[in-house]
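# Architecture at a glance
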Amino acid sequence: MSTSQPKLSIVIPAYNEELRLLKTLQAIDEYLSGLPRKYEIILVDDGSSDRTVEIARGFTPVLGSMRVLKSRCNLGKGAAVRQGIAAARGDLILFSDADLSTPIQELAQLEKAVQEGADVAIGSRGISGARVPTRQPFYRELMGKIFNRLVQVIILPGIHDTQCGFKLFKRPIARAVFPKLTINGFGFDVETLYLVRRSGGRIAEIPVEWHNARGSKVSPLRDALRMLTDLFRIRMRHRGP
Ligand code: UDP
Ligand code: MG
């Protein structure tokens, strides 16, 4: 195993992912076993009531470097990612959705951006070069576009997709920012990027391939409202220098 490349941690938040997880772990294993690098996988079960944990544990003999962490109850994606990042030992830390909507191969592009000087490289469906062969239902796409307009006006000008679940962090920025996060739900990406920017970190937005996967855990009405109010919460909670 080469030591020349930085060690990679992959954090996967998972809530009731019994139908989508196995394929994802297989794809990650296939990709990483072909590369000469050190890595670890941290699967964070977010209080699932299905067989997510059994499926993950059943896969640990294959992915020897996988740890399974558990939340006692369902707290939200933000809380799960935060827990995984706190446990990560890598020099580079990727978090990826359990449905692997962004193929793991896109990691190479994100890694190139951090090698070239970014502190954080984020997968994006919102800029030219992105490829989305299987799209979200129209109402989700529309809601995503409206949300991004508001995000750009209120908090993060110049970032066209904060919500893609595929983001790579250099260890120092991850350690600096994640312990300060307060948002447990899907709005945590915005809070993360806001704090990265405020701490002087450089964010590279990288167009990626993205496939909509069935079985979304997002409740369009409840989560959209929550995410909207989160924008104001983030501004209030991190006021001052
Ligand atoms: N997730 C989580 N806790 C939750 C809801 C979702 O950890 O309460 C995880 C989920 O298992 C997945 C990721 O967050 O890994 C993104 O969820 P999903 O794919 O449903 O979102 P979408 O693609 O619809 O935006
Ligand atoms: Mg998804």
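Figured I'd write up the structure that's included with this text. Counting from 1, residues in each chain are numbered in the order their sequence is written. Each chain takes a letter, starting from A, and each ligand takes a number, starting from 1, following the order in which they are written. In view of the model being predicted, local features appear only for residues whose pLDDT reaches at least 70, and side-chain atom pairs are presented and counted only at 80 or more, with totals across whole chains, interfaces and linings using the full set of residues. Computation of side-chain values: all heavy atoms of the structure, hydrogens and water removed.

## Describing the pattern of salt bridges
By convention in these notes, a salt bridge is any Lys or Arg side-chain nitrogen within 4 Å of a carboxyl oxygen on Asp or Glu. A complete count under the given rule lists 14 salt bridges for this structure. The partner of Arg67 in a salt bridge is Glu40, with the nearest N and O atoms 2.8 Å apart. Residue Arg67 is located in strand E3 (residues 66-70), and its partner Glu40 is located in strand E2 (residues 39-45); the two are separated by 27 residues in the primary sequence. Between Asp230 and Arg233 there is a salt bridge, and its shortest N-O distance comes to 2.6 Å. Of this pair, Asp230 and Arg233 both sit in helix H8 (residues 220-237), three residues apart, which is roughly one turn of that helix. Classification of Asp230 by relative accessible area gives buried; the value is 2%. The cut-offs for exposure are 20% and 50% of the maximum accessible area for each residue type, with area from a 1.4 Å probe on protein chains only; residues under the lower value are buried, those over the upper are exposed, and the others partly exposed. Overall, Arg233 belongs to the partly exposed group, its relative accessible area being 23%. The secondary structure listing takes helices from DSSP runs of H or I that are at least 4 residues long and strands from runs of E that are at least 2 residues long, numbered from the N terminus.

## A short note on the sheet that holds strand E8 (residues 203-207)
Here we have seven strands laid out as an open sheet, ordered E3-E2-E1-E4-E7-E5-E8, and mixed in their pairing. Only two strands of the sheet have a single partner each, and these edge strands are E3 and E8. Strand after strand, the sheet turns through a mean of 20° between neighbouring axes, direction not considered. We treat two strands as partners when DSSP finds at least two bridges between them. By the bridge criterion, five bridges tie E2 to E3 in an arrangement that is parallel. Each axis is a line fitted through C-alpha atoms, taken for helices only over the stretch in contact, and angles between the N-to-C directions span 0 to 180 degrees.

## Examining the environment of Leu25
Relative to the helices and strands, Leu25 resides in helix H1 (residues 21-33). Each C-alpha atom of the pair Leu25 and Leu63 lies 8.1 Å from the other, and the pair is 38 residues apart in sequence. Here a residue-residue contact requires only that any non-hydrogen atoms of the pair lie within 4.5 Å. For Leu25, the residues in contact, after removing those within four places along its chain, are Ile12, Ala56, Phe59, Leu63 and Met66.

## Remarks on the site of ligand 1
Each residue is tested against the molecule or strand, and it is near if at least one of its non-hydrogen atoms lies within 4 Å. In the region of ligand 1, 17 residues are neighbours, and Pro13, Glu17, Asp46, Ser216 and Lys217 sit closest. At 3.4 Å from a nitrogen atom of ligand 1 is found a main-chain nitrogen or oxygen belonging to Lys77. Within the backbone of Ala98, an N or O atom sits 2.8 Å from an oxygen atom of ligand 1. Classes in brief: Ala, Val, Leu, Ile, Met, Phe, Trp, Tyr, Cys and Pro nonpolar; Asp, Glu, Lys and Arg charged; the others, Gly included, polar. Considered class by class, the residues forming the shell around ligand 1 number six nonpolar, three polar and eight charged. Polar contacts, as used here, are pairs of N or O atoms within 3.5 Å; protein pairs need one atom able to donate a hydrogen and one able to accept it. Residues neighboring in sequence count only if both atoms are side-chain atoms.

## Considering unusual backbone geometry
Not every positive phi belongs to a glycine, and Asn16 is a case in point at roughly 50°. Mapped onto the secondary structure, Asn16 falls in the loop between strand E1 (8-14) and H1. With relative accessibility at 22%, the residue Asn16 sits in the partly exposed group. Positive phi, normally seen in glycine, also occurs at Leu100, with a value near 50°.

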